[in-house]
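Examining the three-dimensional arrangement
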Amino acid sequence: CLEVHGFSLCPSVNFNMTPPAEEVRKRTPSDYIFGKVLGEGSFSTVYLAKDIHTNKEYAIKVLEKAHIIREKKTENVMREKEVLRILGNSSPYFVRLYWTFQDPERLYFVLSYAKNGDVLSQLEKQQCLSIECARYYTSELILGLEFLHDRGIVHRDLKPENLLFQENWHLLITDLGSAKIMTDCDNENDDFDKRRRNSFVGTAQFVSPEMLTDTSSSYESDLWALGCIIYQIVSGVMPFRGGSEYLVFQKILKLLYDFPEGFDRVAKDLVEKLLVIDPRQRLGANDEKRYTSLRDHAFFNGQNWDDLGPPPAMFDT
Ligand SMILES: NC(=O)c1nn(CC2CCNCC2)c2c1CCc1cnc(N=C3C=CCC=C3)nc1-2
């Protein structure tokens, strides 16, 4: 049996987790009507679900205990729960974990539901976002990264598929299953730590060079992914593409990418300052607390960072 952070990964063992501040009665699966599948990962299935008492909609992430244990993913599950707990409900840009519960076979994460799907799906529908939308959502993403990094957390799997649109079309960053909680030894580039980290983390097209060469990842790894995301939402395609993960990795390590004809000139300059092999040279790498170097880039000219205002219309009305 495994008892970690209030989760017992064993059948028929209840965990005593203090209910969230609002002191709700411990939920069970029978408190929800499970609807369509929103997404499926290697270790989880996410369902749209409605609370039968409040009629509120949630996204419930369901994980099979036996599968997690068999694939030795217990630490990943506990880290995601811990990261979501740290984020709490104090940032508007991250999916919120309302509560967790279990039954003998499964773990349940009750998360906020983003009604309008993910950025990748929007890009598939309309090729690319307008430069106004690109600027707005990149700004929301930067504010989210400031919040995340200021709490010592690296996402490590940022990509358009993990950026969701809420019902009000504000951004919601999700899937913190690959996230890393930075500790002092991480910052000291501990060699033992690097040898220990041998599993690839992230998604091939968005992974940074340092995560490929020495499996180290830090806040700057998210800045690399930011550069890839800006490139994709402006152009509709990813910067590093190839017929296999190996070919994609080779292009990343050699910085082999170019810009399509007509790519916005100012956005191009911002992408070029983020897609830099040396993490320490990336725009924002030396900023403290806020990404001032990013905020001051010409791409965000006129942006009121204290009040971005409402999201621009996504569709021509
Ligand atoms: N892995 C997760 O944590 C997760 N996965 N999904 C569904 C994925 C579908 C493909 N793109 C990435 C997300 C979610 C979450 C968090 C919580 C979450 C909240 N709302 C939605 N909403 C959706 C609405 C329409 C289509 C897909 C998802 N989805 C999720």
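Below is a summary of the structure that appears in this document.

1. Let's talk about the pattern of salt bridges
For the coordinates displayed, the defined rule picks out 18 salt bridges. Note that Asp157 is salt-bridged to Lys159, the shortest N-O span being 3.9 Å. For Lys159, a relative accessible area of 12% translates into the label buried. Put simply, Asp278 and Arg280 hold a salt bridge, and the shortest N to O gap is 3.1 Å. Overlapping salt bridges bring together Glu64, Asp103, Glu105 and Arg106 as one network.

2. Digging into the side chain of Ser218
Among the structural elements, Ser218 can be located in the loop between helix H7 (209-213) and helix H8 (219-235). For Ser218, a relative accessible area of 18% corresponds to the buried category. If we skip the residues at most four places from it in the chain, Ser218 touches Val154 and Met182.

3. What to know about the packing of aromatic side chains
The tally for this structure, following the rule as stated, stands at 22 aromatic pairs. Between the aromatic rings of Phe94 and Phe147, the centroid separation amounts to 6.2 Å while the plane-to-plane angle is 35°, which identifies the pairing as tilted. With Phe94 in the loop between helix H2 (74-87) and strand S6 (97-102) and Phe147 in helix H4 (residues 131-150), the pair connects residues that are 53 residues apart, well separated along the chain. You can call Phe147 buried: its relative accessible area is 13%. With a centroid separation of 4.8 Å and 25° between ring planes, the pair formed by Phe101 and Tyr108 is classed as stacked. Classification of Phe101 by relative accessible area gives buried; the value is 2%. Take Tyr108: its relative accessible area is 4%, and that puts it in the buried class. Taken together, the ring pairs connect Tyr32, Phe34, Tyr47, Tyr58, Tyr98, Trp99, Phe101 and Tyr108 into an aromatic cluster. The ring of Phe299 carries Arg135 above its face, with NZ or CZ at 5.2 Å from the centroid.

4. Points about the sheet that holds strand S4 (residues 45-51)
Read from one edge to the other, the open sheet built from five strands follows the order S3-S4-S5-S7-S6, with strand pairing classed as antiparallel. Edge positions in the open sheet fall to strand S3 (32-40) and S6, since each of these has one partner strand only. Sheet twist, expressed as the mean angle between neighbouring strand axes with direction ignored, is 25°. Relative to strand S7 (residues 106-112), strand S5 (residues 57-64) runs antiparallel, the two sharing seven bridges.

5. Quick look at the site of the ligand
Residues in close proximity to the ligand total 15 residues, the closest being Lys61, Ala114, Asp118, Glu161 and Thr174. At 2.9 Å, a backbone N or O of Ala114 approaches a nitrogen atom of the ligand. Measuring from a nitrogen atom of the ligand, one finds a backbone N or O atom of Glu161 at 3.0 Å. A total of 570 Å² of accessible area belongs to the ligand in isolation, and the protein chains cover 86% of it. Going through the elements one at a time, S5 and S7 are the ones with two or more residues in the shell around the ligand. Here the shell around the ligand is built from residues that sort into eight nonpolar, three polar and four charged.

6. Observations concerning the packing of H4 against H8
Closest axis-to-axis distance for the H4/H8 pair is 10 Å, and the angle between their directions is 165°. Between H4 and H8, the angle is such that the two are roughly antiparallel. Remark: the crossing between H4 and H8 carries right-handed chirality. Each of Ile131, Ala134, Thr138, Leu141, Ile142, Leu145, Leu148 and His149 in H4 lies in contact with H8, whose residues at this interface are Tyr219, Asp222, Leu226, Ile229, Ile230, Ile233 and Val234. Broken down by class, the residue content of the contact of H4 with H8 amounts to twelve nonpolar, two polar and one charged.

Scoring rules and cut-offs
Residues numbered from 1 in each chain as written. Predicted model: local features only at pLDDT ≥ 70, side-chain atom pairs only at ≥ 80, totals over all residues. Heavy atoms only, no water. Salt bridge = Lys/Arg side-chain N within 4 Å of Asp/Glu carboxyl O. Buried < 20%, exposed > 50% of the residue type's maximum accessible area, 1.4 Å probe, protein only. Helix = DSSP H or I, 4+ residues; strand = E, 2+ residues; numbered from the N terminus. Contact = heavy atoms within 4.5 Å. Phe/Tyr/Trp six-rings, centres within 6.5 Å; stacked < 30°, edge-to-face > 60°. Lys NZ or Arg CZ within 6 Å of the ring centre and 35° of its normal. Pairing = 2+ DSSP bridges. Axes fitted to C-alpha atoms, helices over the stretch in contact; angles between N-to-C directions. Near = heavy atom within 4 Å. Polar contact = N/O pair within 3.5 Å; in protein donor to acceptor, adjacent residues only side chain to side chain. Areas by Shrake-Rupley, 256 points an atom, 1.4 Å probe, with all protein chains shown as cover. Nonpolar A, V, L, I, M, F, W, Y, C, P; charged D, E, K, R; others polar. Parallel < 35°, antiparallel > 145°, perpendicular 65-115°, else oblique. Left-handed = near helix turned anticlockwise from the far one by under 90°.

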